[in-house]
Amino acid sequence: MVKILEMVGLVLVAIMSLGFVGLFESYGIKNGTSELFWGCAGGILLIIIYRKMKRKREEKEE
């Protein structure tokens, strides 16, 4: 599960970076802080929070 989350996180970071630079302009997505950028940033934040909560839960069980 952790490896899958890492891969999804890396894909989101890549899409977020490309969207910020403006390589998706031909598809009608604005460069800079567009919905694509904020969507990927939110997804990455959710992955980070989930992993942190999971680590805390595992530490409590030990």
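Fair warning: this is a prediction, and the values are worked out from it, not measured in the lab.

Asker: Help me understand a nonpolar patch on the surface in this model?
Answerer: Taken together, L18, F20, V21 and L23 make up a surface patch of nonpolar side chains, about 390 Å² in accessible area. Within the secondary structure, L23 is located in the loop between α1 (2-21) and α2 (35-61).

Asker: Would you explain a negative patch on the surface in this entry?
Answerer: A cluster of like negative charges, contributed by E58, E59, E61 and E62, occupies part of the molecular surface. Its location among the elements puts E61 in helix α2.

Asker: How do you make sense of the nonpolar core when you look at a structure like this?
Answerer: One finds L5, L12, M16, F37, C40, I44 and I47 forming the largest nonpolar core, which totals 7 residues. Elements supplying a minimum of two residues to this core: α1 and α2. Beyond its immediate sequence surroundings of up to four residues, I47 is in contact with L5, V8, G9 and L12.

Asker: Just to check I follow, could you spell out the UniProt feature "transmembrane region" (unreviewed entry) in the chain for this structure?
Answerer: With numbering aligned to this structure, UniProt lists the feature "transmembrane region" (unreviewed entry) at residues 7-24 and 36-53. Span residues 36-53 is 100% helix and 0% strand, its end C-alpha atoms 26 Å apart.

What counts, and at which threshold
Residues numbered from 1 in each chain as written. Predicted model: local features only at pLDDT ≥ 70, side-chain atom pairs only at ≥ 80, totals over all residues. Heavy atoms only, no water. Patch = residues over 30% accessible without salt bridge, like charges linked within 9 Å, V, L, I, M, F, W, Y side chains within 5 Å. Areas by Shrake-Rupley, 256 points an atom, 1.4 Å probe, with all protein chains shown as cover. Salt bridge = Lys/Arg side-chain N within 4 Å of Asp/Glu carboxyl O. Helix = DSSP H or I, 4+ residues; strand = E, 2+ residues; numbered from the N terminus. Lys, Arg positive; Asp, Glu negative; His and termini not counted. Charge placed at Lys NZ, Arg CZ, Asp CG, Glu CD. Core = buried A, V, L, I, M, F, W, Y, C linked by side-chain atoms within 4.5 Å. Buried < 20%, exposed > 50% of the residue type's maximum accessible area, 1.4 Å probe, protein only. Contact = heavy atoms within 4.5 Å. UniProt positions renumbered as here; feature names shortened; annotations may be inferred.

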